[in-house]
Amino acid sequence: MNYYSALSFLALTFLGAHLGRGAEAPTITISKSDKLAVAIGTFAGPDGAASAKILQNDLVLSGAFNLVPVTGAGLVITGVSSGGGLVGSVTDRSGKTVLNQTFSGTARGKVHAFADAIVDTLSGARGFANTKVAFVSNHSGHQEIYVADADGAGLHQLTNDGSISVGPRLSPDGRTLLYTGYKSGYADVYEIDLSNGARNRMIKFPGTNTGASYSADRRQLAVVLSKDGNPDLYSTNASGGGARRLTRTLGVESTPTWSPDGSEIIYSSDDRGTPQLYRISASGGSGRAIATGHNYNTEANWSPDGKRLAFTVRDGGTLSIATIDLAGGSARVLTAGEGSAWGADSRHLIYADGGALMLFDVQTGEKHTLVSGLGKISETTWSR
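Scoring rules and cut-offs
- Residues numbered from 1 in each chain as written.
- Predicted model: local features only at pLDDT ≥ 70, side-chain atom pairs only at ≥ 80, totals over all residues.
- Heavy atoms only, no water.
- Helix = DSSP H or I, 4+ residues; strand = E, 2+ residues; numbered from the N terminus.
- Polar contact = N/O pair within 3.5 Å; in protein donor to acceptor, adjacent residues only side chain to side chain.
- Contact = heavy atoms within 4.5 Å.
- Phe/Tyr/Trp six-rings, centres within 6.5 Å; stacked < 30°, edge-to-face > 60°.
- Buried < 20%, exposed > 50% of the residue type's maximum accessible area, 1.4 Å probe, protein only.
- Core = buried A, V, L, I, M, F, W, Y, C linked by side-chain atoms within 4.5 Å.
- Expected span 1.5 Å × (residues − 1).
- Pairing = 2+ DSSP bridges.
- 1 Å grid on protein atoms, 1.4 Å probe; cavity = no way out; pocket = protein on both sides within 12 Å on 5 of 7 lines; lining within 4 Å.
- Points joined across faces, edges and corners; volume = space filled by probe spheres on them.
- Nonpolar A, V, L, I, M, F, W, Y, C, P; charged D, E, K, R; others polar.
- Axes fitted to C-alpha atoms, helices over the stretch in contact; angles between N-to-C directions.
- Parallel < 35°, antiparallel > 145°, perpendicular 65-115°, else oblique.
- Left-handed = near helix turned anticlockwise from the far one by under 90°.

1. Points about the side chain of threonine 247
Alright, step 1. Within the secondary structure, threonine 247 sits in the loop between β16 (244-245) and β17 (253-258).
Alright, step 2. In terms of polar contacts, threonine 247 uses its side chain to reach the side chain of aspartate 232, at 2.9 Å.
Alright, step 3. With sequence-adjacent residues up to four places away left out, threonine 247 is seen in contact with Asp232, Leu233, Glu253, Tyr267 and Ile280.

Below, the structure written as structure tokens:
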């Protein structure tokens, strides 16, 4: 039972006893901004101060915690950080150890791993501090792809094609990235190994090869190919071979996204005029329209928990980020922007807003700027 579950159990026990006495059920209002009060205590070691600062930012971005002084905290976080190692601990007010673990990695990586362990232990959600984000920017004068940590640190330009590099999609584990590049003079799909920069021209059929996306288990790709005439949706194996055609429309398909279990794909198509979203079995069949209430829908991204879809809508010339519950319900417009992607917790989204890469907490509405000053940003992607 995580910390939140324990608190909920106590609350329900009290409520049950209260109702058992025949009293009228009270109205309980839980604010979306409710957060667990934690404090960052002493961080010893040569890297202690720097690690504490990184951790503080990670916990703020998680949206799960309210950082308070040690004297007012129910939980205190401490650590010893040196070189490639960090020993992190969380204790409650009575001194009981809630979490004690050793983490290894880079100066930032070990702290991100500790932050994710704190989020998982105390809230039960998946942390996203130790993940990667990527996006397209025209900062160099060309459309190139940039990669950073989930907090915006470690930002660097990944491609230097000097032409057009678009459609980035990080693998779920953040080790590789797919994109569409025109380095050969044609639209081909490339895969880059982020550990060493090695690049493989993976899908190069005659015509256009765009929008490649990994399935959650990395065993399949979804991609839009025009090798048989019209830009239709295909699936391939992990190496880009064995292309299987899934759609046969007169429109243009784009931006496919996989269900977490790999059984379905959602994509955008303008087969009926303006771009709309469709859901299709990964084994083929007919695409089923998803009713969003908007005339322009594209750049869909399926949440890791499988429950929601984030996508870009256009109303009156303005691009906005919207979400919809796939079990039913109306689309909800969240904020102006484009090209959103879910984080591992299925609660946070990144998206592009002009010249900024933004983080949005769907539960509270809080926003944080992760990257800015790189010209026009678009087409975000996030590992899980």
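Having put the structure on the table, let's press on.
2. Topic: the packing of aromatic side chains
Alright, step 1. In this structure the tally under the stated criterion is five aromatic pairs.
Alright, step 2. Ring centres of phenylalanine 103 and phenylalanine 114 lie 5.3 Å apart, and the angle between their planes is 40°; on these two criteria the pair is classed as tilted. Of this pair, phenylalanine 103 sits in strand β5 (residues 97-104) while phenylalanine 114 sits in helix α3 (residues 109-123), placing them eleven residues apart in sequence.
Alright, step 3. When its relative accessible area of 7% is taken as the criterion, phenylalanine 103 is described as buried.

3. Comments concerning the nonpolar core
Alright, step 1. Grouped together as the largest cluster of nonpolar side chains are 23 residues, with contacts concentrated most on Leu55, Phe65, Ile77, Phe114, Ile118 and Leu122.
Alright, step 2. Of all the secondary structure elements, the ones that give two or more residues to this core are β1 (36-44), α2 (48-62), β3 (75-82), β4 (85-92), β5 and α3.
Alright, step 3. Phe135, Ala148, Leu359 and Ile377 belong to the second-largest nonpolar core, a separate cluster that totals 17 residues.

4. Brief notes about α2
Alright, step 1. The end-to-end C-alpha distance of α2, which contains 15 residues, comes to 21 Å, matching closely the 21 Å that a straight helix rising 1.5 Å per residue would cover.
Alright, step 2. Among the residues of α2, Gly48, Ser51, Ala52, Ile54, Leu55, Asp58, Leu59, Leu61 and Ser62 are the ones counted as buried.

5. Let's talk about α3
Alright, step 1. In this model, α3 (15 residues) spans 21 Å end to end at C-alpha, consistent with the 21 Å of a helix rising 1.5 Å per residue.
Alright, step 2. Here α3 lies mainly inside the structure; twelve of its 15 residues are buried.
Alright, step 3. If you check which residues of α3 are buried, you get Gly109, Lys110, Val111, His112, Phe114, Ala115, Asp116, Ala117, Ile118, Val119, Leu122 and Ser123.

6. Things to note about the pairing of strand β27 (residues 356-361)
Alright, step 1. The buried fraction of β27 amounts to six of the six residues, a majority that puts the element mostly inside the structure.
Alright, step 2. Of the two faces of β27, the one carrying Ala356, Met358 and Phe360 and the one carrying Leu357, Leu359 and Asp361 are both buried.
Alright, step 3. Inspection of the sheet shows strand β26 (residues 348-353) paired to β27 by six bridges, in the antiparallel sense. Residue pairing in the sheet places leucine 349 in a bridge with phenylalanine 360 of β27.

7. Observations regarding the layout of surface pockets
Alright, step 1. Within this model, the second largest pocket holds a volume of roughly 610 Å³.
Alright, step 2. Taken together, 37 residues line the second largest pocket, and the ones lying closest to its centre are Arg169, Ser213, Pro256, Thr257 and Asn301.
Alright, step 3. The dominant element in the lining of the second largest pocket, judged by the number of residues it contributes, is β17, at six residues.
Alright, step 4. Counted by class, the lining of the second largest pocket contains 15 nonpolar, 17 polar and five charged residues.

8. What to know about the sheet that holds strand β2 (residues 65-67)
Alright, step 1. The strand order β2-β1-β3-β4-β5 describes an open sheet built from five strands, whose pairing is mixed. The sheet terminates laterally at β2 and β5, the two strands that pair on one side only. Neighbouring strand axes in the sheet, compared pairwise and without regard to direction, differ in orientation by 25° on average.
Alright, step 2. In terms of strand pairing, β1 meets β3 through five bridges, oriented parallel. Its bridge partner lying in β3, phenylalanine 43 is registered against glycine 79.
Alright, step 3. Running over the sheet, α2 touches β1, β2, β3 and β4 and is turned about 165° from β1.
Alright, step 4. Set on the sheet, α3 makes contact with β1, β2, β3, β4 and β5; between it and β5 the angle comes to about 155°.

9. What about the side chain of threonine 236?
Alright, step 1. Within the secondary structure layout, threonine 236 lies in strand β15 (residues 232-237).
Alright, step 2. Those residues in contact with threonine 236, other than ones at most four positions away along the chain, are Ile203, Arg219, Gln220, Leu221, Val223, Gly241, Gly242 and Ala243.

10. Examining unusual backbone geometry
Alright, step 1. One non-glycine residue, glutamate 299, lies in positive phi territory at about 55°.
Alright, step 2. As for its position among the elements, glutamate 299 is in strand β21 (residues 297-302).
Alright, step 3. Classification of glutamate 299 as buried rests on a relative accessible area of 16%.
Alright, step 4. Although it is not a glycine, serine 346 sits at a positive phi angle of roughly 55°.
Alright, step 5. Relative to the elements of secondary structure, serine 346 occurs in the loop between β25 (338-342) and β26.

11. Considerations on the packing of α2 against α3
Alright, step 1. With their axes 9 Å apart at the nearest point, α2 and α3 run at an angle of 40° to one another. The pairing of α2 with α3 is recorded here as oblique in orientation. At the point where α2 passes α3, the crossing takes the right-handed sense. When α2 is examined against α3, the residues Ser51, Ile54, Leu55, Asp58, Leu59 and Ser62 are found in contact with a partner set consisting of Lys110, Val111, His112, Phe114, Ala115, Ile118 and Val119.
Alright, step 2. Partitioning the contact of α2 with α3 into residue classes produces eight nonpolar, three polar and two charged.

12. What about the sheet that holds strand β20 (residues 288-289)?
Alright, step 1. The four strands are arranged β17-β18-β19-β20 in an open sheet whose pairing can be described as antiparallel. A single partner strand is all that each edge strand has here, and the edge strands are β17 and β20.

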